[in-house]
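Here's the letter readout for the chains.
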Amino acid sequence: MKRGLTTLILALLTALPAHAASCSWSARMEEDEGGSVMMASVCGGPKGDAHLMLACFGKPVLSYDLGAAGGQLEPGISGSFTFKAGDKSLTKKLELEAMYNYFTTELSGPADPLLSLLRGKGDVTVSADKYGEATFPLKGSGAAIGRVLAECGKGSGGEAD
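Residues numbered from 1 in each chain as written. Predicted model: local features only at pLDDT ≥ 70, side-chain atom pairs only at ≥ 80, totals over all residues. Heavy atoms only, no water.

Engineer: Is there a simple way to explain the overall build of the protein chain in this structure?
Structural biologist: Along the backbone of the protein chain there are three helices and nine strands. For the protein chain, the sequential pattern of α-helices and β-strands runs α-β-β-β-β-β-β-β-α-β-β-α. Across the 161 residues that make up the protein chain, the buried fraction comes to 38%. For the protein chain, the share of sequence-separated contacts (at least 6 apart) that also reach a separation of at least 24 residues comes to 49%. Element-wise, carbon and sulfur atoms account for 56% of the exposed surface of the protein chain, whose accessible area totals about 9,400 Å². (Helix = DSSP H or I, 4+ residues; strand = E, 2+ residues; numbered from the N terminus. Buried < 20%, exposed > 50% of the residue type's maximum accessible area, 1.4 Å probe, protein only. Contact = heavy atoms within 4.5 Å. Areas by Shrake-Rupley, 256 points an atom, 1.4 Å probe, with all protein chains shown as cover.)

This is the structure in structure tokens:
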């Protein structure tokens with residue numbers, strides 16, 4: 001019995017890094033209403049179901065999906081979210097995209113301070129008083145964000161309003 005329990009514990013411990021490894025930055029083409037768009041994304045949060053996503057629709061757009069912690073949110077709301085990595089922090093107002101139930105913000109361009117923060121090392125914690133916090137790894141973020149930014153201005157993504 002003791003040996004079986006030891007085997008079970010070892011199996012569980014070796015499964016944990018696999019979950020952590022799945023929450024790393026990636027960039028790939030995804031389908032959007034306007035066609036294919038390059039999207040960089042990472043998962044995080046306590047259950048790994050929260051997501052940060054970056055796409056380019058003329059300008060870079062960052063989206064934050066709260067995951068199960070967000071529940072069904074009311075259309076038309078916004079919130080101030082603080083992004084903290086290392087000794088740097090930045091607060092941005094994000095608007096709810098009701099169709100997808102996640103918060104978004106348009107960034108000023110490739111030199112936006114939030115993109116600089118997201119290209120850092122370690123982890124970034126995203127928090128808001130009303131919505132709690134989630135932590136995301138930054139490993140691989142520079143390459144993934146770079147792939148999205150390289151697509152900006154190439155005519156990919158949705159149509160302008």
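Engineer: Would you mind showing me how to read the state of the cysteines here?
Structural biologist: Among covalent bonds in proteins, the disulfide is the one between the sulfur atoms of two cysteines. The final tally for this structure, using the stated rule, is two disulfides. Note on cysteine connectivity: Cys 23 is disulfide-linked to Cys 43, with sulfurs 2.1 Å apart. Across the S-S bond linking Cys 23 and Cys 43, the dihedral sits near -110°, which makes this disulfide left-handed. In this pair, Cys 23 sits in the loop between α1 (2-22) and β1 (26-32) while Cys 43 sits in strand β2 (residues 35-44), placing the two residues 20 residues apart along the sequence. Between the sulfur atoms of Cys 56 and its disulfide partner Cys 152 the distance amounts to 1.9 Å. Across the disulfide from Cys 56 to Cys 152, rotation about the S-S bond amounts to roughly 125°, and the bridge is consequently right-handed. Of the two residues, Cys 56 sits in strand β3 (residues 50-57) while Cys 152 sits in the segment after α3 (141-151), which places them 96 residues apart along the sequence. With cysteine numbering restricted to those in disulfides and following the sequence, the protein chain has the pairing 1-2, 3-4. (Disulfide = S-S within 2.5 Å.)

Engineer: Quick question: what am I supposed to make of α3 here?
Structural biologist: Every buried residue belonging to α3 is among Ser 141, Ala 144, Ile 145, Val 148, Leu 149 and Glu 151, and all of these are buried. Angularly, the buried residues of α3 cover 160° about the axis, an arc narrow enough to put them on a single face. Its buried side turned inward, α3 meets β1, β2, β3, β4 (59-65) and α2 (113-118). (Arc of directions from axis to C-beta.)

Engineer: Explain the sheet that holds β2 to me, please; I cannot follow it from the model alone.
Structural biologist: With antiparallel pairing, nine strands are arranged side by side in an open sheet as β1-β2-β3-β4-β7-β6-β5-β8-β9. On the outer flanks of this sheet lie β1 and β9 (132-137), each paired with one strand and no other. Neighbouring strand axes in the sheet, compared pairwise and without regard to direction, differ in orientation by 30° on average. When strand β5 (residues 78-85) meets strand β6 (residues 88-97), the two strands line up antiparallel, connected through eight bridges. Residue pairing across strands places Phe 83 opposite Leu 90, the latter belonging to β6. Most of the contacts of α3 go to β2, to which it runs at about 160°, and overall it touches β1, β2, β3 and β4. (Pairing = 2+ DSSP bridges. Axes fitted to C-alpha atoms, helices over the stretch in contact; angles between N-to-C directions.)

Engineer: What's the story with the packing of aromatic side chains in this structure? I'm lost.
Structural biologist: Geometrically, a pair of aromatic rings is defined through the distance of the ring centres and the angle of the planes. All chains considered together, the criterion is met by six aromatic pairs. Centre to centre, the rings of Tyr 64 and Phe 81 are 5.6 Å apart; their planes meet at 90°, and the pair counts as edge-to-face. With Tyr 64 in strand β4 and Phe 81 in strand β5, this residue pair connects regions lying 17 residues apart in the sequence. Relative accessible area serves as the criterion here: at 2%, Tyr 64 is assigned to the buried category. Its relative accessible area of 1% is what places Phe 81 among the buried residues. Between Phe 81 and Phe 103, the aromatic rings sit 4.9 Å apart at their centres with planes inclined by 55°, giving tilted as the arrangement. With Phe 81 in strand β5 and Phe 103 in strand β7 (residues 102-106), the pair connects residues that are 22 residues apart, well separated along the chain. A single burial state applies to Phe 81 and to Phe 103, both of which are buried. Grouped by ring-pair contacts, the aromatic residues Tyr 64, Phe 81, Phe 103, Tyr 131 and Phe 136 constitute a single cluster. (Phe/Tyr/Trp six-rings, centres within 6.5 Å; stacked < 30°, edge-to-face > 60°.)

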